[in-house]
Amino acid sequence: MEPFSPEAPHCNGTSSSSSPAVSSNSPGTATSGTVRNGSVATTTSQPSVPPPSVPAACLPCRTKHLRCDGNHPCGRCTATGIVADCAYIASRRGYKGPRRNPNNPTPGANPNKRHASSSPPYAGTTPDSCPMMLGHAPVTMATPSVHAFNPSVVLPDQSQLSFPSTPSVASIPVYRNNYMMDGTAMTLATQAAPPIQPPAASLPERCFEAFYHYFHAGHPFVLPKRNLVELLKSNSEPNLPVLMAAMRYIGSLYVDAGPAKARFLDEAIQLCYAPGVRKDGFLIQALLLIIIGLDGSCEQERARELLAICERYAIEIDLNKREFAVMHGRGDPIMEESWRRTWWDLYVCDGMIAGVHRVTNFLLFDIMTDVGLPCEEEEYHKGCIPSPMSLEDFDDKEFQDEDREFSSFAYRVAAARNLGRMMRMPNVMFPDAAEVDKMEAHLSNWRMHLPDNKRDDLDKNCQLDEMMFQAHFITHACTIMLHQPLSQLDSSPVQAVNSCAPHRPVHSGDQYNAHTKHTVTAACEISKMITQAVPVTSHTHFFTCVVTLSSIVHLSKWALYMIEDEADLRQQIRLNIGALNKLSKVWKAANTAWGQVKGVAQEIYRQKKVQQITPAFWVGYTQEQMMTSIQADESIISEFDQGLIAQVGIAQVGVTQAQ
């Protein structure tokens, strides 16, 4: 078949049906030209007449890009037996609309200029006969003439465009107006496919995600999420289901899991005690997670039982030795780092449980270990694990020539070691005991030798460094536990605050001494840590007991008859109560501490209000100071009362659900 190639329209306004100019080099022609007024007039003798062009090809010929003779029906459609499909549509290429009414032209407008209209005139139709659809009724094509509209002259032909092939042209409605549709077409055009919604995550999946989102940064010993998922796909570790069960339990504390929390806990403990369970690093990780969850949920007795088992298992499998990470690391530096972190996180948790509860004695502090110190968190998650350094390297860093940088996790371990040293001190009876000075030297050295990038709780990207956060509050808690028994802060008003540790009686003195200064300063630093621009629930639950310890110091100081910075002290107490309230949304232990601290604060406030009745209380105060103090008191007691009402409401809801 010969492809259809229409002639190009001429630029000088001549009809495409007239003979084109032929070059003098064309064979069989004789051409002479005369120049008249800048135009060339050509005279051709016996020219080679090409086949006449047609205004437009029919739809079947145009679709197949074949030459059409312009008849109705055309020769090709007649020969192929598709006479019913032979229809003509005028091309719209280059069309600019009909001319304006020549009888009423626009002033100053070009009368020959075309203007836009809704649709072009169609060949063979009159203004009064304008069918909506073309191709369904016989259309008589008009013979091109000077006055007739000839699409091949005015408009470029569309026959060179590519159209999708169709089985039957007659079966497709050809619309004159693209915006006019019948009901079926409109429904098909406007009906949008429903959006594909991803399946809702199941509760175990939500707990798994919550574990990494809320908890993992505070105790980063489990493999990073990406690496753990890859290990789960390999299905090569029999104790991975035990670890996953413990992770689900921890994650359920941060989501609305309802009764599933208890079910996840029972499942995790049963898997840990299952017959034939292998003692390995994954079992240690699962047990440690359960211990942390139980301790934060006011089940401290069960947590201590599991802690003793976990420590025994860890020593039996040589987790405290450097070789363990290499032997069980599967040649993966990230997994080797995970085993080192497991030992040191167990070490730190053992110390914090012993320090804040004062029941156990930090067993792992006396266990010999040569496990390498963990790397930075960013290196752990990126898999860029450097060669681990030892405790000896850390202790001797000030005496070595090379300047080594240690991770935040390493400073956290060092803070826990200072806690162990303090717990090994004998009972101190006198404020000037030499043991206190030696212990204070350890704490002061830890603070003074911190590098500049470790002095606050932010990393180089101005994000919270949770490891340094914990290292700092462990050191502040050590300072309080060391100096509070030797201070003059009477602890009898706060003896009801015993959710974390039993009450330790401290007798007051006539004036502040150096131990009181250390104690008050450390308590203020802990309150300052609450103001970090991160959710307080993102911290480890051990922060609950540290805030409670700070609150005991603040309340003991507030119970004094006269203090100069009472307004600032009130703000710090309110800050601590607010932090405990936020932590109580996740940890039951924080809810208990919140109620105790708030109750003691209310009692101290009432006692101070009674003291304000006596005129001697306001001696030395100006009227403005008196009004400011009274207004502050009213705002504080209002907050306390609202908190008490909320606590009673939560308790009533819990009783109703239990019933």
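Residues numbered from 1 in each chain as written. Predicted model: local features only at pLDDT ≥ 70, side-chain atom pairs only at ≥ 80, totals over all residues. Heavy atoms only, no water.

A closer look at the packing of helix 5 (residues 203-215) against helix 7 (residues 240-252)
Remark: helix 5 packs on helix 7, axes separated minimally by 7 Å, with the N-to-C direction vectors making an angle of 75 degrees. With respect to helix 7, the axis of helix 5 lies roughly perpendicular. In this structure, helix 5 contributes Pro204, Cys207, Phe208, Ala210, Phe211, Tyr212 and Phe215 to the contact, and helix 7 contributes Met244, Met247, Arg248, Ile250, Gly251 and Ser252. Per-class residue counts for the contact of helix 5 with helix 7 are 10 nonpolar, 2 polar and 1 charged. (Axes fitted to C-alpha atoms, helices over the stretch in contact; angles between N-to-C directions. Helix = DSSP H or I, 4+ residues; strand = E, 2+ residues; numbered from the N terminus. Parallel < 35°, antiparallel > 145°, perpendicular 65-115°, else oblique. Contact = heavy atoms within 4.5 Å. Nonpolar A, V, L, I, M, F, W, Y, C, P; charged D, E, K, R; others polar.)

Comments concerning the packing of helix 10 (residues 300-316) against helix 12 (residues 333-357)
At a minimum axis distance of 12 Å, the contact between helix 10 and helix 12 shows a crossing angle of 145 degrees. In terms of crossing hand, the pair formed by helix 10 and helix 12 is left-handed. Contacts between helix 10 and helix 12 involve Gln300, Leu307, Cys310, Glu311 and Ala314 on the former and, on the latter, Leu346, Asp350, Ile353 and His357. A per-class count over the contact of helix 10 with helix 12 returns 5 nonpolar, 2 polar and 2 charged. (Left-handed = near helix turned anticlockwise from the far one by under 90°.)

Quick word on the layout of surface pockets
Each pocket or cavity is described by its volume, and for the largest pocket that value is around 1300 Å³. Together, 47 residues line the largest pocket, and Glu376, Glu377, Glu378, Ser408 and Asp465 are the ones closest to its centre. If you list the elements that add at least two residues to the lining of the largest pocket, you get helix 5, helix 12, helix 13 (377-382), helix 15 (408-423) and helix 17 (466-483). Here the lining of the largest pocket gets 4 residues from one element, more than from any other, and that element is helix 13. Of the residues that constitute the lining of the largest pocket, the class distribution is 19 nonpolar, 12 polar and 16 charged. (1 Å grid on protein atoms, 1.4 Å probe; cavity = no way out; pocket = protein on both sides within 12 Å on 5 of 7 lines; lining within 4 Å. Points joined across faces, edges and corners; volume = space filled by probe spheres on them.)

Points about the state of the cysteines
Counting across every chain of the model gives 1 disulfide. Disulfide pairing is shown between Cys500 and Cys545; the S-S distance is 2.3 Å. Disulfide Cys500-Cys545: the torsion about the S-S bond is -85 degrees, which places it as left-handed. Remark: Cys545 occurs in helix 19 (residues 542-558) and Cys500 occurs in the loop between helix 17 and helix 18 (514-529); sequence separation between them is 45 residues. Across the pair, exposure class does not vary: Cys500 and Cys545 are buried alike. Cys58 carries a free sulfur, and the closest cysteine sulfur to it, the one in Cys61, is 3.5 Å from it. (Disulfide = S-S within 2.5 Å. Buried < 20%, exposed > 50% of the residue type's maximum accessible area, 1.4 Å probe, protein only.)

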